[in-house]
Amino acid sequence: MAIRNIRELGDSSLRKICKPVNEVNHRTKVLIEDMFDTMYEANGVGLAAPQVGILKRIFVIDCGDEEGNSVPYVFINPEIVEKDGEQIDYEGCLSVPGKSGKVSRAMKVKVRAWNERMEPFELEAEGLLARCIQHENDHLNGVVYVDKVEGKLYDNSELYGEEE
């Protein structure tokens, strides 16, 4: 559909609490398609609606699978109902380009949400998918990962060399 502008740190929409979605209409479906297109274009694995300036409780994720296949998820009105364990790893964000920092997250989460057809679902996730769910869910509450960085926020060139 369309590539939307990704809001960057400092934009007020990234610090607001998003409103619940009551129905999926044509505009919502277009938003979801645009969010996937925008995320893929930016080489991201997740994108929340406030990152494109829409204050709705929606995010999309595609961390892929072990074989490199696309595995897209739509989360509407998500609620993380269980967390277990801990993982500490570098995290980045499309709204904080070129930066990474170590963030502690739960290793496993259980989330309840609605999909793009407003059908309820529950998902248990671990590892990268659990990290992405927690990261994107934070966006819906006005929290950006830099608020949780332990230690220094790095330029990606310091961590990964000049190819980033």
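Now for a description of the structure that goes with this document. (Residues numbered from 1 in each chain as written. Predicted model: local features only at pLDDT ≥ 70, side-chain atom pairs only at ≥ 80, totals over all residues. Heavy atoms only, no water.)

Here's the deal with the sheet that holds strand E1 (residues 46-48)
- If you walk across this open sheet you meet the 5 strands as E1-E2-E3-E6-E7, and the pairing is antiparallel. The strands lining the two open edges of the sheet, one partner per strand, are E1 and strand E7 (120-126). Strand-to-strand twist across the sheet, computed as the mean angle between neighbouring axes with direction ignored, equals 40°.
- In this sheet, E7 lies alongside strand E6 (residues 108-114) in antiparallel orientation, the contact comprising 7 bridges. Paired with Arg112 across the two strands is Glu122, which belongs to E7.
- Where helix H1 (residues 26-41) meets the sheet, its contacts fall on E1, strand E2 (58-62) and strand E3 (72-84), and the angle it forms with E2 comes to roughly 40°.
- Along the sheet, helix H2 (residues 127-139) contacts E1, E2, E3, E6 and E7; its crossing angle with E7, the most-contacted strand, is approximately 125°. (Pairing = 2+ DSSP bridges. Helix = DSSP H or I, 4+ residues; strand = E, 2+ residues; numbered from the N terminus. Axes fitted to C-alpha atoms, helices over the stretch in contact; angles between N-to-C directions. Contact = heavy atoms within 4.5 Å.)

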